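So you can see what is in the structure, the chains are spelled out below.
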Amino acid sequence: MQERRGDGRRVIDLSTETVARYDNGGSVLVYNAIDRTTADFQRILRCADFFARQGCEVVLPPKVDVPYKNPAYDRIYGSLRGTPYYGKCPDLCVDGVWYEHEGFVHDNPKSNFSNMLHRGLSQSDRVIIEECGLSERIMRKSIRDRLKAQMAIREIWIHSKEGMVLFFKNTEGR
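I will try to describe carefully the structure that is included in this document. Computed from a predicted model, the values in this text were never measured in an experiment.

About the cut-offs
- Residue positions are given per chain, counting from 1 as you read along its sequence in written order.
- For a predicted model such as this one, the threshold for reporting local features is a pLDDT of at least 70, and the threshold for listing and counting side-chain atom pairs is 80 or more; totals across whole chains, interfaces and linings nevertheless cover every residue.
- Neither water nor hydrogens contribute to the side-chain values; these are computed over all heavy atoms in the structure.
- In this text, helices come from DSSP runs of H or I with a minimum length of four residues, and strands from runs of E with a minimum of two, each type numbered from the N-terminal end.
- Throughout, exposure labels follow a simple rule: accessible area from a 1.4 Å probe, protein chains only, divided by the maximum for the residue type, with under 20% read as buried, over 50% as exposed, and the rest as partly exposed.
- Salt bridges are counted wherever a side-chain nitrogen of Lys or Arg sits within 4 Å of a carboxyl oxygen of Asp or Glu.
- One bridge is not enough; two strands pair if DSSP finds at least two bridges between them.
- All tallies of charge rest on Lys and Arg as positive and Asp and Glu as negative; His and the ends of each chain are not included.
- In this analysis, two residues are considered to be in contact whenever any of their non-hydrogen atoms come within 4.5 Å of each other.
- The definition of a nonpolar core used throughout is a set of buried Ala, Val, Leu, Ile, Met, Phe, Trp, Tyr and Cys residues joined through side-chain atoms within 4.5 Å.

Okay, unusual backbone geometry next. At D95, a residue that is not glycine, the phi angle is positive and equals roughly 50 degrees. By the element assignment, D95 lies in the loop between strand 4 (92-94) and strand 5 (97-102). A positive phi is found at Q150, a non-glycine position, where the angle reads about 70 degrees. Q150 gets classed as exposed once you look at its relative accessible area, which sits at 57%.

Structure (structure tokens):
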């Protein structure tokens, strides 16, 4: 059972554990408040390990209830202050840059991709999505349409059983 404060908010365990460290300086640091038993956590951890193997320092933060009123939020996600993502809880921080991971549960690749982008881009302009079987042409068209609609997209990564690939990187600064 989670400990609660007098105002009903969960007390967040801010202790961490380094779960991977590589000779090139890469590491994965996980907050102990994260539920490590979920399938989503395992996919996010594989993504974090990919970046760590490239020499990046990766942090997996916990979700924070009532971010605007919780002092733990600023301690963990303070670098989001002043951005459209302040108040959100992205899934991983890679060398100080926030990424959101999105998975899917349905059998429709087109709606899966659209839903993952929609949910992911509300949390960060850098999104990692699970490979959903949609053609590259349709995915690129969807991204172009969102850019034309002035959505902020910097990077889209695709995670699959084989690993991760940078699918889209915005070089125009939007």
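Moving on, we come to the pattern of salt bridges. Overall, the coordinates contain 12 salt bridges when judged by the stated rule. One salt bridge in this structure joins R53 and D49, with 2.7 Å as the shortest N-O distance. In this pair, R53 and D49 both sit in helix 1 (residues 39-53), four residues apart, roughly one turn of the helix. In this structure, D125 engages R154 in a salt bridge whose closest nitrogen and oxygen atoms are separated by 3.1 Å. Of the two residues, D125 sits in the loop between helix 3 (109-121) and strand 6 (126-130) while R154 sits in the loop between helix 4 (136-148) and strand 7 (155-160), which places them 29 residues apart along the sequence. For D125, a relative accessible area of 10% translates into the label buried. Since its relative accessible area comes to 40%, R154 is described here as partly exposed. One salt-bridge network, held together by shared partners, links D125, R126, R154, E155 and K169.

A few words now on the pairing of strand 7. Burial analysis of strand 7 places five of its six residues in the buried class, which makes it a mostly covered element. As paired strands, strand 6 and strand 7 are joined by five bridges and run parallel to one another. When the bridges of strand 7 are listed, I128 appears paired with W157. Of the pairings in the sheet, the one linking strand 7 to strand 8 (residues 163-169) comprises six bridges and is antiparallel in character. Directly across from I156, in strand 8, lies its bridge partner F168. Taken together, strand 7 and the strand that follows it, strand 8, pair antiparallel across an intervening segment of two residues.

Attention now moves to the side chain of R146. Looking at the element boundaries, R146 is found in helix 4. Salt bridges are absent for the buried R146, whose nearest opposite-charge side chain, D145, sits at 7.6 Å. In contact with R146, other than residues within four places in its own chain, are S114, L117, H118, L121, M151 and I153.

Turning next to the nonpolar core. V28, F51, V58, L60, Y77, L92 and I128 are the most contacted members of the largest nonpolar core, which totals 32 residues. Every element with two or more residues in this core is listed here: strand 2 (27-31), helix 1, strand 3 (57-60), helix 2 (71-77), strand 4 and strand 5. Considering each element in turn, this core owes the most residues, six residues, to helix 1. Every residue in contact with I128, bar those within four places of it in the chain, is listed here: C47, F51, L92, Y99, E100, H101, E102, W157, H159 and M164. Counting 16 residues, the second-largest nonpolar core is a separate cluster that includes I129, L134, L147 and F167.

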